[in-house]
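# A closer look at the structure
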Amino acid sequence: MLSTVRRRMANGPLPLGSPGGQAELKKALDGVIGPVGRDPRDVLRIYEEVLEPTFVAMDNPTFLAFFQGAPSQAATLFDMLVSSVALRGVTWLGASGAVAAENQVLDLLAARAGLPDTAGGCFLSGGSAANLSALVVARDTARRRLGLDDSRQVDIIVSDQAHPSVLHAIRIIGARPIVVTTPSCRLTAAGLETALRERVVAPAAVIATAGTPNAGLVDDLAAIADVASRSGIWFHVDAAYGGGAALFDPDSRAVFAGIERADSLVVDPHKWLFSPYDCSALIYRRPQSARAVHTQRAAYFDVIHDAEHLEWNPSDFAYHSTRRPRGLPLWFALAVYGTAAFEDAVRTSLRTARELAALVESTPYLESVLPPELSVVLVRRKGWSPRDYQLWSAGLLERQEGFVAPTIWAGETVARFAILNPRTSVDMLEKIVASMA
Ligand SMILES: *Cc1c(COP(=O)(O)O)cnc(C)c1O
């Protein structure tokens, strides 16, 4: 097993791969699990020959769809080590050292965001779970502020460019989503003020997106923070994708001005901070407000809330209980490589995105849809129909030359390139761009 992992890591990312068929896979797996155990080498062979080729490798540098990840070797190896100890990162009582190291990382992220040094939170599985946990706190805090009982619905304002999981979370917590359409694809103070004046009954929170999934744009954070603090509502910043640039690229910092005023902030290290899946950081400005909402009580559990164990229970800051201490691989990688290496890696992908935009501008059959703010580049192929984009994207993956998914921008189908992997080179992009000729 260890030699398989060593070989895997020495060889770098998997080939792009292509999805398998449900019937074939079911057939290939038939009978693998039975009453009598099997030789692990046989089972590993099934994994390598049947399962692995169906993975479309997110860390392959020509994978440019969605938001890929590019986990570092140090973080990946440390993730294995974490798996080798049965470490349940729920309580200070059970996992104090792990929680202390995770908190060191959260402190570093909070300081880079400009949050006060009393800020804190926990690591969760992903931006979806982190946003959901933060919004529960926003909702309950608003109910207290407005003097509403637990059965009353509150309103949460969000732009039409937010990640779909955010709308899902608002519905799950029984709040009312007030979706603001954004002509500029950025939530602004004016859009928020209009919504507050005309549509909102019980104002609880506004969610700003710092790095929208479709185009990588940053909402007008500082102006939104002004309106939020004037109206007393919770200011949540979803920087699941953009957090890498916000916290590790000083040159991008101006775009994120206002992030330091967040009541809660979400950053996904499994996107742009080179952590293995799954890892999201949730940080509250006032962690005690989260603790008041999320702490779970049970007689057999009371010991974890005894004064001497109360230091910091990650279970008090989100809706979860059992969890991997998934901040540890990031802690190890930050310590081993140093923060400057993270800055270099983030800057490399930002630069590659700008170089792609320049390449597109100089290619006669292509047009840039808008200049990239972060590392998403939307590309128009002159004369193409939606079907042309789909066929091109499918062909690219089939030939194992790359994976770029189409999207829709202002009603028009275009190609969406997202670059978060520092190993994505301009050479690779030139080949992909040439395939659009
Ligand atoms: C990716 C993303 C999410 C969802 O995060 P997961 O880690 O996939 O759960 C939420 N918001 C934004 C802005 C994202 O980019």
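Residues numbered from 1 in each chain as written. Predicted model: local features only at pLDDT ≥ 70, side-chain atom pairs only at ≥ 80, totals over all residues. Heavy atoms only, no water.

Applicable threshold: UniProt positions are given in the numbering used here, feature names are shortened, and annotations may be inferred rather than shown by experiment.
Per an unreviewed UniProt entry, the recorded name for the protein is Glutamate decarboxylase, and the organism is Nocardia terpenica. Taken verbatim from the UniProt record of the protein, the Cofactor (unreviewed entry) comment is "pyridoxal 5'-phosphate".

## A short note on the layout of surface pockets
For clarity, the threshold we go by: In this analysis the probe radius is 1.4 Å and the grid spacing 1 Å, with only protein atoms considered; a cavity is a set of points the probe fits into but cannot get out of, a pocket is an open set with protein on both sides within 12 Å along at least five of seven lines, and lining residues have an atom within 4 Å of a point. Grid points are joined across faces, edges and corners, and a volume is the space filled by probe spheres set on the points. What counts as a helix is a DSSP run of H or I of at least four residues, what counts as a strand is a run of E of at least two, and both are numbered from the N terminus. Residue polarity follows a fixed list, in which Ala, Val, Leu, Ile, Met, Phe, Trp, Tyr, Cys and Pro are nonpolar, Asp, Glu, Lys and Arg are charged, and the others, Gly among them, are polar.
When its volume is computed, the largest pocket comes out at roughly 1200 Å³. If you trace the largest pocket, you find 36 residues lining it, with R8, M9, D59, P71 and T76 closest to the centre. Those elements giving two or more residues to the lining of the largest pocket turn out to be α1 (2–10), α3 (40–51), α4 (73–83) and α14 (339–361). For the lining of the largest pocket, the element with the highest residue contribution is α4, accounting for five residues. Here the residues of the lining of the largest pocket are counted per class, giving 22 nonpolar, eight polar and six charged. Of the volumes computed, that of the second largest pocket is approximately 250 Å³. If you go around the second largest pocket, you meet 19 residues; those closest to its centre are F67, H163, A240, D268 and K271. By residue class, the composition of the lining of the second largest pocket is seven nonpolar, eight polar and four charged.

## Comments concerning the side chain of H270
As a reminder of what qualifies: Burial classification: accessible surface area is computed with a 1.4 Å probe over protein chains only, and a residue below 20% of its type maximum counts as buried, one above 50% as exposed, and the rest as partly exposed. For this analysis, residues touch if any pair of their heavy atoms sits within 4.5 Å.
Along the polypeptide, H270 turns up in helix α11 (residues 269–272). Classification of H270 as buried rests on a relative accessible area of 10%. For H270, the contacting residues outside a window of four places in its chain are Q68, G69, S125, G126, S275, P276, Y277, D278 and C279.

## Here's the deal with the UniProt feature "modified residue: N6-(pyridoxal phosphate)lysine" (unreviewed entry) in the protein
Under the UniProt annotation, "modified residue: N6-(pyridoxal phosphate)lysine" (unreviewed entry) lies at K271. Summarising the element assignment, K271 is placed in helix α11. Residue contacts for K271: discarding those within four places in its chain leaves F67, Q68, G69, A70, A240, Y241 and L420.

## Details of the packing of aromatic side chains
Rules: Any pair of Phe, Tyr and Trp rings, taking the six-membered ring for Trp, is counted once the centres come within 6.5 Å. Such a pair is stacked with planes under 30 degrees apart, edge-to-face with planes over 60 apart, and tilted for the rest.
One pass over the full model with this rule turns up 14 aromatic pairs. Taken together, a centroid distance of 4.4 Å and an interplanar angle of 15° make the contact between F78 and F332 stacked. You can see F78 sitting in helix α4 and its partner F332 sitting in helix α13 (residues 328–337), a full 254 residues away along the chain. We classify F332 as partly exposed; its relative accessible area is 27%. Between F248 and F342, the ring centres sit 5.9 Å apart and the planes meet at 40°, which makes this aromatic pair tilted. Here F248, found in helix α10 (residues 243–248), pairs with F342, found in helix α14; they are 94 residues apart in sequence, far enough to count as distant. Ring pairs connect the aromatic residues W384, Y389, W392 and F417, which therefore count as one cluster.

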